[in-house]
Amino acid sequence: MGLIEITKNISYLPASEDPLSSDVVFITKENKTYIFDVGANDEAAEMINGIANEKIVVISHFHEDHAANAERIKFDELYASKETIKHTHTGSVISDKIVFDDIIALTVPSSHAKGCVIIVCGDFAFLGDCAYAGFKHGKRLYNVYQLGQLIKLLEGLDVKYFGMSHYKNFIYERETVLTMLREQYAKRTAGCDFIEAIGRSR
Ligand SMILES: [Zn+2]
């Protein structure tokens, strides 16, 4: 599968299942290409290495399917949370947020993994896996506090669409995603720190 165009300067390589590899987002600004997640499959690595522009990479979280190619791609700069950099062994830490041109990379609370980062660009926020539950004791669980914080943060973003890694259409209307998260959050019960995820969630 090849690149899919979202706007004139934003496109993405869709996720794959075997091997498991995340979507890879490319945002081109003149002589720079911002890359969000690097995937784990050959196609993603080859596509990234084929870019002649200056390459600025941001990785959403440390899971292999999003980060493994960091070891075999050429880039100019790489940014990720400190938890992710423990796995990539390369790059600079995003401790809160970093602003590049009109792109913002920021750390977000997430039940899915420690040290999740999203990027915001124009009408879009690319979420990686941060809206998904985490795995604990064989269950897909949201942490109530983190989910509440994440919903608040996403509600505060002035965007129209969210990019949801691994999901079929990748780009979803903001309200579709927020409704899904609010439905999860509504399942919370007093005194319980976790909610079992409903519906599909990676
Ligand atoms: Zn993940």
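Scroll up to find the structure.
Predicted model, so just to flag it, every value in this text is computed and none were measured.

Enquirer: I tried to follow the overall build of the protein on my own but got confused; where do I start?
Expert: A count of helical and extended segments in the protein gives 5 helices and 18 strands. Rg of the C-alpha trace for the protein: 16 Å, near the compact-globule value of 17 Å for 202 residues, within the 12% margin. For the protein, the C-alpha atoms occupy an extent of roughly 55 × 35 × 30 Å along the three principal directions. A separation threshold of at least 6 residues defines the contact pool for the protein, and within that pool the share at least 24 residues apart is 49%. As presented, the protein carries roughly 9800 Å² of accessible surface, and 49% of it is formed by carbon and sulfur atoms. In the protein, 22 positive and 28 negative side-chain charges are present, and the distance between their average locations comes to 6 Å.

Enquirer: Please clarify how the packing of aromatic side chains should be interpreted in this entry.
Expert: Note on aromatic pairs: each is described by the distance of the centres and the angle between the planes. Applying the stated criterion across every chain yields a total of 8 aromatic pairs. Relative to Phe126, the ring of Phe124 lies with its centre 6.0 Å away and its plane at 10 degrees, an arrangement referred to as stacked. Taken individually, Phe124 and Phe126 each receive the classification buried, so the pair is uniform in this respect. Relative to Tyr161, the ring of Phe124 has its centre 5.3 Å away and its plane inclined at 25 degrees; by these criteria the two rings are stacked. In this pair, Phe124 sits in strand 13 (residues 124-126) while Tyr161 sits in strand 16 (residues 161-163), placing the two residues 37 residues apart along the sequence. For Phe124, a relative accessible area of 8% corresponds to the buried category.

Enquirer: Would you explain the nonpolar core in this entry?
Expert: Taken as a class, soluble globular proteins show a tendency for nonpolar side chains to be buried jointly. Core analysis: the largest hydrophobic core is formed by 30 residues, its most contacted members being Ile118, Leu127, Leu154, Phe162, Met164 and Leu181. Every element with two or more residues in this core is listed here: strand 11 (103-108), strand 12 (116-121), helix 4 (144-155) and helix 5 (174-185). By residue number, the principal contributor to this core is helix 4, which donates 5 residues. When residues no more than four places from it in sequence are discounted, the contact partners of Leu154 are Ile118, Leu127, Phe162, Arg174, Leu178 and Leu181. Listed in part, the 20 residues of the second largest apolar core include Val25, Phe36, Ile94 and Phe100.

Enquirer: Honestly, unusual backbone geometry in this entry has me stumped. Any pointers?
Expert: Outside of glycine, negative phi angles account for most residues, and trans bonds account for most peptide bonds. Residue Pro19 is reached from Asp18 by a cis peptide bond, and omega for that bond is 5 degrees. Topologically, Pro19 is positioned in the loop between strand 3 (16-17) and strand 4 (20-21). The phi dihedral of Asp37 is positive, around 70 degrees, even though this residue is not glycine. Mapped onto the secondary structure, Asp37 falls in the loop between strand 6 (32-36) and helix 1 (42-49). Residue Asp37 is classed as buried on the basis of its relative accessible area of 1%. Positioned with a positive phi, His89 is a non-glycine residue whose angle comes to about 60 degrees. Take His89: it is sitting in the loop between helix 3 (82-88) and strand 9 (92-93).

Cut-offs used in this document
- Residues numbered from 1 in each chain as written.
- Predicted model: local features only at pLDDT ≥ 70, side-chain atom pairs only at ≥ 80, totals over all residues.
- Heavy atoms only, no water.
- Helix = DSSP H or I, 4+ residues; strand = E, 2+ residues; numbered from the N terminus.
- Rg over C-alpha atoms; globule rule 2.2 N^0.38 Å.
- Contact = heavy atoms within 4.5 Å.
- Areas by Shrake-Rupley, 256 points an atom, 1.4 Å probe, with all protein chains shown as cover.
- Lys, Arg positive; Asp, Glu negative; His and termini not counted.
- Charge placed at Lys NZ, Arg CZ, Asp CG, Glu CD.
- Phe/Tyr/Trp six-rings, centres within 6.5 Å; stacked < 30°, edge-to-face > 60°.
- Buried < 20%, exposed > 50% of the residue type's maximum accessible area, 1.4 Å probe, protein only.
- Core = buried A, V, L, I, M, F, W, Y, C linked by side-chain atoms within 4.5 Å.

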